[in-house]
Structure formats: C-alpha cells, structure tokens
Amino acid sequence: MDVGDGYQLWVETPGDPSAPPLLLVMGANASGLEWPDALVDRLAEHHRVVRYDHRDTGRSTHAFDERPYALRDLARDLLAVLDALGVDRAHAVGMSLGGTLLQVQLVDHPERFLSATILGTPALDDHEAPGPLPELLEVWAEMGRDRPPAEEHEWQLRHARLLHGPDLPFDAAEHEERERRIAEHRGTPSAATAHARADQRGLERDTSAIVVPVLVVDALADPVAPPPTAERLASRVPLARRVVVPGMGHALPAAVVGPLAAAVLEHTARY
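Residues numbered from 1 in each chain as written. Predicted model: local features only at pLDDT ≥ 70, side-chain atom pairs only at ≥ 80, totals over all residues. Heavy atoms only, no water.

Chemist: Tell me about the environment of A90, and name the residues and values.
Modeler: Its place among the elements puts A90 in strand β6 (residues 90-95). With 61 residues separating them along the chain, A90 and E151 place their C-alpha atoms 42 Å apart. Excluding residues that lie within four positions of it along the chain, A90 makes contacts with P21, L82, R112, F113, L114 and S115. (Helix = DSSP H or I, 4+ residues; strand = E, 2+ residues; numbered from the N terminus. Contact = heavy atoms within 4.5 Å.)

Chemist: Would you mind going over the packing of helix α1 (residues 37-44) against helix α9 (residues 254-268) in detail, with residue names and values included?
Modeler: Running from N to C, α1 and α9 point in directions that differ by 30 degrees, and their axes come no closer than 10 Å. Here α1 is positioned roughly parallel relative to α9, judged by the angle of their axes. Considering only the axes of α1 and α9, their crossing is right-handed. Taken together, the residues of α9 that come into contact with α1 (itself represented by A38, L39, R42 and L43) are V257, G258, L260, A261, A262, V264 and L265. A per-class count over the contact of α1 with α9 returns 9 nonpolar, 1 polar and 1 charged. (Axes fitted to C-alpha atoms, helices over the stretch in contact; angles between N-to-C directions. Parallel < 35°, antiparallel > 145°, perpendicular 65-115°, else oblique. Left-handed = near helix turned anticlockwise from the far one by under 90°. Nonpolar A, V, L, I, M, F, W, Y, C, P; charged D, E, K, R; others polar.)

Chemist: Explain the packing of helix α5 (residues 149-164) against helix α6 (residues 172-186) to me, using residue names and the numbers behind them.
Modeler: The N-to-C vectors of α5 and α6 enclose an angle of 120 degrees; their axes lie 11 Å apart at closest approach. As judged from the angle between their axes, α5 and α6 are oblique. Crossing hand, α5 versus α6: right-handed. For the pair α5 and α6, the contacting residues are H153, Q156, L157, A160 and R161 in the first and A172, H175, E176 and E179 in the second. For the contact of α5 with α6, the residue count by class is 3 nonpolar, 3 polar and 3 charged.

No statement about biological role is implied by the geometric values presented.
Here it is in structure tokens:
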C-alpha cells in the first residue's frame, strides 16, 4: 500500500469485509505482527481488522536513512491506510507510540473514528505523567548496537522481560516464538531503530478536545507508562472510560489476550 514519500506499507485485513472496521496501530519500531494472532482472531469475530507494518518495520519499506521522516508522518499514515482501503470511519486501537499517533488523529480528524482504545501511553499534553522506569531506560540506551547474534538475543530477552512487567509469569518460549515469526516476517533478526531517530516535533495536542469515545486500558505493571499515567489520560479526555487489565505490562502475552479482547469488544459494541 503506497502512503507517499516512497513508502509502501504491508497491510492485512482479516475478518468479514462487511463488518465494522477496526484499525490496530502498534508502537515504535514494532511490526503489526506484535498484535498477537490470537487477539486479532478474537477481534475479527466482530470486525474487519486492519493491522499494518509502520514504515521501517516488518515488510514495509525500510528507507529512513535515505528518506527520513517525522513521527507526525506516521500519524498521517493511519488515515492513508484507511483511505487506501476505502474506509470512511473505523474503530481504532493504539498501543504505546500507536496510542500517541492515534491521539493526534482523534483531535485532528475525529470524523474518521467511531471509537478508540488507547493503552501504554500518556496524554499528548500531559507533561507531568511518570516516564519509563530507569532500568528500562538503561536497556534502551543499548538499542541498535552492533552485537554478535548471541548477545543480541540476550539483549532482546532482557528487554522483553522488562516490558512484560513483574506481575505475570514471563514465558520465554512464547516470547522467542513470537520473535522468530516477526524476524521471519521482516526478513532480518535485527531490530528496527528508525522511529527512535525520527523528528518528534509536531505531536502535541489538546486532549480535552477529543470528542471520540475513548477506552483507556490501565496496565498497572507497565514500565513504559506506569501508574497513574492511564488514570491521568482518562481524566483529560471528555468521553473516556478506564479499565484495568490485571497483570498487564507493556506487552501482549497470551495471558492478557482474553481480557484485553473482551474490553475492546465491549467498547466497540457501544458505538
């Protein structure tokens, strides 16, 4: 799918084509395959699900060094994907940076959205929300380094454990199978880093101007957007509700798929 600037995005649309569309927007440097198939399958029972690879992830064009862009361009890609599919209005779920990009478009183009679900990210205009935990920042400082394969694997495992959070058992085998599929999908074991280098200006918005119904998922074990980040976001958006997914961190292991899918579907069914 062509979104301009010389970028083609990989997109897939499981579910009944006549069902209400549901756009999934993943976080920074993350492929659309980070949305677990089990979650996509549950959502596709009621929706035409749209998941895609951001620029410089998965099977989409990797060209940041030759054609750099800003994170605000990733926000525009949301609407470009909907336009290319002929979708006028959609439900949407945004995680981490995906939640940031979604907030931008909820303010700028509310007419394109039926509802929104946001997880793992602060309000765009909340400058007092707690930031990522220090131990996670230490790991991020090592992102993109040139390491032997065994060391890269160890770094990714350490990163995944931190994102997972301490409240649910970490299943290393589940994580490694997901990483194997994602690496096979993108054709390389190397993690993407383009979004960390992209221009971050131009994203701030007044979230009190959001008129779309928003479900804020509160993950109490999230090391990226720790409490009370979700509570603060829900308090700033006029039509927001907050729901806690027990044990959830900043990842989507099998243990949270059921309650997360139920929360999203209960929300979208209202609108």
